[in-house]
Amino acid sequence: MGAETLFYSDVKDRSVSGTYDFALVWAVLLLLALGLVMVYSSSIAIAEGGRSYGQQPAYFLLRQGVYLAVSFVLAMAAFQVPVAVWQKGALYLFLLGVGLLALVLIPGVGREVNGSQRWLSLFVVNFQPSEIMKFFAVIYAADYTVRKAGDMHSVSKGFLPMFGVMFLVGALLLREPDFGAFAVITVIAMGILFLGGMSVRLFVGLILLLVVGFILLIWFSPYRLQRVVGFMDPWADPYGKGYQLSHALIAFGRGEWLGVGLGASVEKLFYLPEAHTDFLLAVIAEELGFVGVLMVILAFSFIVVRAFAIGRQASQLGLHFAALAAQGIGIWIGVQTIINMGVNMGVLPTKGLTLPLLSYGGSGIAANCCALAVLLRIDWENRSMMRGTKV
């Protein structure tokens, strides 16, 4: 009993006032609200001019509002689930995700849009399994690392089994194709394995293998190679391979420090493709300027930092699965944000990844909200344990 009291006194140096991390909640709500406004602003022109959208200016705004409402309900349900239950169901969730990824590839079942077969039709909306698979990958990788804690230095026992399941997921994603989701899930798994105690030598070797693998995937895929070539010099072919990036850069240039004003973007007027999804940040940069982009970066940075802080706190309390899950969520949000921003700014080749919490799309918003609800649950359980109350 004395040792337990001493342990709690060691971790109580952090503030445990309040039941929830309200700062984290407000940061998430700020991004969701900004996303709703910017989705509306960036999609008015395409909604008005598209017959398939009923020529309704608020078409995407209304749908995004419904997606947010559904995501809030799912997030509240996810928060009610104890972390121990998430750990027990990790394998089943992962198998469900793999099954959905396979289902997408069945002719007549999966729906093809713009040359990619990534969606399942739910009659009213389309569901993208690769988005929820990122969440399942976090849960599974955290559980796997805890179960294999004693084998993290072993290639055959610690690394190869995870490599096998990630290879299966990668093969399914590349068949869609969805190279962006494959890259994010790979980084999630690698990050959690490293945080869970994988040897540095094995981790470095794995990185080198992955770099070689990604280069080969790009080299032997003509459309991926064209994207890389277009990224290296978008102005060499501004009406072809460099079209998206050149217009994204023009949007950033027009925005300058304070932007041209909310709703006043020119690039969203049929110049910048996917302005409300993949290139939403470019519209934010044009309308709200450097200050708007900086606020978005700071909000995401705060969420990632809090995720790692919550994970570190859980680790101090001996909650190793919760610690890795929290930090895995931070890796996911951080990496996907960096990739999307890098693409918008011309730092990375064009990739079909949305900006978490902001871009239009129900599957991504729902997956992000559920993951952040689990992060809040981990923080809530940490605080309950530090106060000595029952979870």
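Q: How would you sum up the overall build of the protein chain? Please name residues and give values.
A: The helix and strand tally for the protein chain stands at 14 helices and 3 strands. At 21 Å, the protein chain has a C-alpha radius of gyration in line with the 21 Å of a compact globule built from 391 residues. For the protein chain, the C-alpha atoms occupy an extent of roughly 70 × 45 × 40 Å along the three principal directions. A buried classification covers 51% of the 391 residues belonging to the protein chain. For the protein chain, restricting intrachain contacts to residue pairs at least 6 apart in sequence, the fraction spanning at least 24 positions comes to 71%. Side chains of the protein chain give 25 positive and 21 negative charges; the mean places of these two sets differ by 7 Å.

Q: Requested: an account of the side chain of D379, with residues and values cited.
A: In this fold, D379 is placed in helix 14 (residues 362–386). Using a relative accessible area of 1% as the deciding quantity, one classes D379 as buried. Filtering out sequence-adjacent residues up to four positions away, D379 remains in contact with Y20, D21, R306, I310 and Q313.

Q: Before we move on, can you summarise the side chain of Q64 with the specific residues and values?
A: Mapping Q64 onto the fold places it in helix 3 (residues 59–80). When residues no more than four places from it in sequence are discounted, the contact partners of Q64 are L36, V39, L358, S359, Y360, G361 and I365.

Q: Describe the confidence of the model for the protein chain, and please don't skip the residues or the numbers.
A: The predicted model of the protein chain averages 89 in pLDDT, with 94% of residues at 70 or higher. The model gives residues 1–15 a pLDDT under 50, and that stretch makes 14 contacts with residues more than four places away or in other chains.

Q: Quick one: what's the story with a nonpolar patch on the surface, residue by residue and with numbers?
A: A contiguous nonpolar surface patch, about 750 Å² in accessible area, is contributed by W257, L258, F290, V291, L294, M295 and L298. On the secondary structure map, W257 appears in the loop between helix 11 (243–255) and helix 12 (280–316). Taking relative accessible area as the criterion, W257 reaches 62% and is therefore assigned exposed.

Q: So what about unusual backbone geometry? Which residues, and what values?
A: Only a minority of non-glycine residues have a phi that is not negative, and only a minority of peptide bonds are not trans. For the bond running from E176 to P177, omega is -5°, close enough to zero to count as cis. Phi at E256 is positive, roughly 50°, even though this residue is not glycine. Tracing the chain through its elements places E256 in the loop between helix 11 and helix 12. Relative accessible area serves as the criterion here: at 59%, E256 is assigned to the exposed category. Of note, the phi angle at L357 is positive, near 70°, even though the residue is not glycine. Following the sequence through the fold, L357 ends up in the loop between helix 13 (320–345) and helix 14. By relative accessible area, L357 is classed as buried at 1%.

Cut-off values and rules
Within any chain, residue numbers begin from 1 and follow the written order of that chain's sequence. Residues qualify for local features only when their pLDDT is at least 70, as the model is predicted, and side-chain atom pairs are given and counted only at 80 or more; totals for whole chains, interfaces and linings, by contrast, use all residues. By convention in this description, side-chain values take in all heavy atoms of the structure and omit both hydrogens and water. Strands here mean DSSP runs of E at least two residues long; helices mean DSSP runs of H or I at least four residues long; both are numbered from the N terminus. C-alpha atoms define the radius of gyration, and 2.2 Å times the number of residues to the power 0.38 defines the globule rule. Here's how the labels work: a residue is buried when its accessible area is under 20% of the maximum for its type, exposed when over 50%, partly exposed in between, all with a 1.4 Å probe on protein chains only. Whether two residues are in contact is decided by their heavy atoms: any pair within 4.5 Å suffices. Note on charges: Lys and Arg go in the positive column, Asp and Glu in the negative column, and His and the chain ends are not counted at all. Every charge is mapped onto a representative atom, which is NZ of Lys, CZ of Arg, CG of Asp or CD of Glu. As a per-residue measure, pLDDT reflects the predictor's confidence and takes values from 0 up to 100. Each patch is assembled from residues with relative accessible area greater than 30% and no salt bridge, linking like charges that lie within 9 Å and nonpolar side chains (Val, Leu, Ile, Met, Phe, Trp, Tyr) that lie within 5 Å. Here the Shrake-Rupley method, with its probe set to 1.4 Å, supplies the accessible areas, and only the displayed protein chains count as covering residues. Salt bridge, as applied in this entry: a Lys or Arg side-chain nitrogen positioned within 4 Å of an Asp or Glu carboxyl oxygen.

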